[in-house]
Amino acid sequence: MNFQQLRSVRETVRCGFNLTEVAHTLHTSQPGVSRQIRELEEELGIDLFVRAGKRLTGLTEPGAHVLPIIEGILQGSHNLRTAGQEFVAQQSGSLSIAATHTQARYALPTAVQEFRLQFPNVRLHLHQGSPRQVAEMLLSGEADIGIATEALAQYADLVALPCYRWTHSIIVPPNHPLLDGPLSLEKLARYPLITYGAGFTGRGHIDQAFAKHRIEPRIVLSAMDADVIKTYVELGMGVGIVASIAFEAERDTQLRAIDAGALFGINLTKLALRRGSYLRAYVYALIESFAPTLQRSVVDQAMLADKDRVTAEGYEI
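### Describing helix 12 (residues 281–290)
By the criterion of burial, helix 12 is predominantly enclosed, with 7 of the 10 residues buried. By the burial criterion, the buried members of helix 12 are Y282, V283, Y284, A285, L286, I287 and F290.

Given below as C-alpha cells:
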C-alpha cells in the first residue's frame, strides 16, 4: 500500500470517476491510475468502485466506507509534512486567504498590514469570491482561511468561527428625502434600490425583512461590490443598501449613510478553517489579528469539537 494508490482513489471520487481527469490532476497516465486502484483493491480484498465495462461509475458500499479513512490518512500525511516544515521555518511560508469582496476591501486590510509587519517572510495570497466559492476554496485546499458572512457554517467539513457583528446602511446623495425623519421599509420601498446580489453580504436579511412585512422592493441593480453600488447611487440610479463598514465618510463625500440595523437586523461575519488541517503559528496570528476573540486556545477547541455539534451551533457566540 502506498500514498499514490490512496491519492488515486481520492481524486477519482473528486473528479467524478473520470480517470482521464484524475491522470491529469496526478500528472500520470490513465492506465497508471487504473493500476494503482486495482492494486489497492487486491491488497484490501474488496472492490472500491462500481464498474460498467472499463468505466468507473460510483463507489461500492465497501468503497464508501473506506473513503473517509483514505482521506484521513492523506490529511494526516499533509499535517505531518506541514508540522515538520513548521519547525524548520517558523517565520516563513505561505498563507492563502479566501474572502468576499466586502471582507477583502474593508475588514481585512488592517489585519493584513499588521501581519506583514510581524511576518515579512510569509507570502500572502488573497482570493476573492462568493461565499460558496470561498467555502469551495477551503474544501479543496486552495485556501487556508476563509472569511464571509454567508454559507461557511453550512459545511460539516469546515469549522466556522464568529468574528464580528455588523449592520447595513442606507446610502443616498446629500439632501435626499430619506435623510429627513425616521426610516422605514415602507419609505425605502418607494425608491429604486441598489444592493448586493443574492448570497452576498447579508442580502438574505434584506430579503427576509421585506418579505416579513409583505413589501415588494424594487431592486433595479445588484452587485457583489459595495464600491459599484455606491458609484451607481452617486449617478442617481437609486438608493443603496450596503454593509456599514463599506461607507467611508472621508472618501464617500458625495454620499450620506443612514443606519439600517433596525430594519435588517444584525449580521455575523465568520472565519472558517478546514476541519483537521494543521495550522502554523502565523495562521493563528492572522486569525487573532482579524478577530481578537479568536485566540489560539479558542481556535484549537473549535477544531477538536464534535462535527455534528459544530454544524448545528456554528459557534455563533
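### Quick notes on the packing of aromatic side chains
Summed over all chains, the structure comprises 6 aromatic pairs. With centroids separated by 5.9 Å and ring planes inclined at 55 degrees, the aromatic side chains of F210 and F264 adopt a geometry described as tilted. Of the two residues, F210 sits in helix 9 (residues 203–212) while F264 sits in helix 11 (residues 261–264), which places them 54 residues apart along the sequence. Each member of the pair, F210 as well as F264, carries the same accessibility label: buried.

### Describing the sheet that holds strand 9 (residues 219–223)
The strand order across the open sheet built from 5 strands is 9-8-10-7-11, with neighbouring strands paired in mixed fashion. Strand pairing shows two members of the sheet lacking a second neighbour, strand 9 and strand 11 (256–259), which therefore form its edges. Sheet twist, expressed as the average angle between the axes of neighbouring strands with direction ignored, equals 30 degrees. With 4 bridges connecting them, strand 8 (residues 193–196) and strand 9 associate as parallel partners. When the bridges of strand 9 are listed, Y196 appears paired with A223. Helix-sheet contacts for helix 9 involve strand 7 (168–172), strand 8, strand 9 and strand 10 (239–243), and the interaxial angle to strand 8 is about 135 degrees.

### Comments concerning the sheet that holds strand 3 (residues 93–99)
Strand order in the open sheet formed by 5 strands is 4-3-5-12-6, with mixed pairing between adjacent strands. One side of each edge strand has no neighbouring strand; the edge strands of this open sheet are strand 4 (122–128) and strand 6 (158–166). The sheet shows a mean angle of 20 degrees between the axes of neighbouring strands, taken without regard to direction. Packing against the sheet, helix 13 (residues 296–304) makes contact with strand 6 and strand 12 (267–274), and its axis sits at approximately 135 degrees to strand 6.

### A closer look at the environment of T201
With respect to the helices and strands, the residue T201 is situated in the loop between strand 8 and helix 9. Taking the relative accessible area as the measure of exposure, T201 reaches 4% and is therefore buried. Sequence separation between T201 and M303 is 102 residues; the distance between their C-alpha atoms is 25 Å.

### Topic: the pairing of strand 6
The two faces of a sheet get side chains in turn, since along a regular strand they alternate between them. With 7 of its 9 residues buried, strand 6 lies for the most part within the structure. Relative to strand 12, strand 6 runs antiparallel, the two sharing 8 bridges. In the strand pairing of strand 12, A160 is matched with A272.

### Observations concerning the packing of helix 6 (residues 109–118) against helix 12
Contact pair helix 6 / helix 12: the axes reach a minimum separation of 9 Å and the direction vectors enclose 145 degrees. The element helix 6 and its partner helix 12 pack so that their crossing is right-handed. Residues A111, E114, F115 and Q118 of helix 6 lie in contact with helix 12, whose contacting residues are Y282, A285, L286, S289 and F290. Along the lines of polarity and charge, the residues of the contact of helix 6 with helix 12 split into 6 nonpolar, 2 polar and 1 charged.

So, how was this worked out
- Residues numbered from 1 in each chain as written.
- Predicted model: local features only at pLDDT ≥ 70, side-chain atom pairs only at ≥ 80, totals over all residues.
- Heavy atoms only, no water.
- Buried < 20%, exposed > 50% of the residue type's maximum accessible area, 1.4 Å probe, protein only.
- Helix = DSSP H or I, 4+ residues; strand = E, 2+ residues; numbered from the N terminus.
- Phe/Tyr/Trp six-rings, centres within 6.5 Å; stacked < 30°, edge-to-face > 60°.
- Pairing = 2+ DSSP bridges.
- Axes fitted to C-alpha atoms, helices over the stretch in contact; angles between N-to-C directions.
- Contact = heavy atoms within 4.5 Å.
- Left-handed = near helix turned anticlockwise from the far one by under 90°.
- Nonpolar A, V, L, I, M, F, W, Y, C, P; charged D, E, K, R; others polar.

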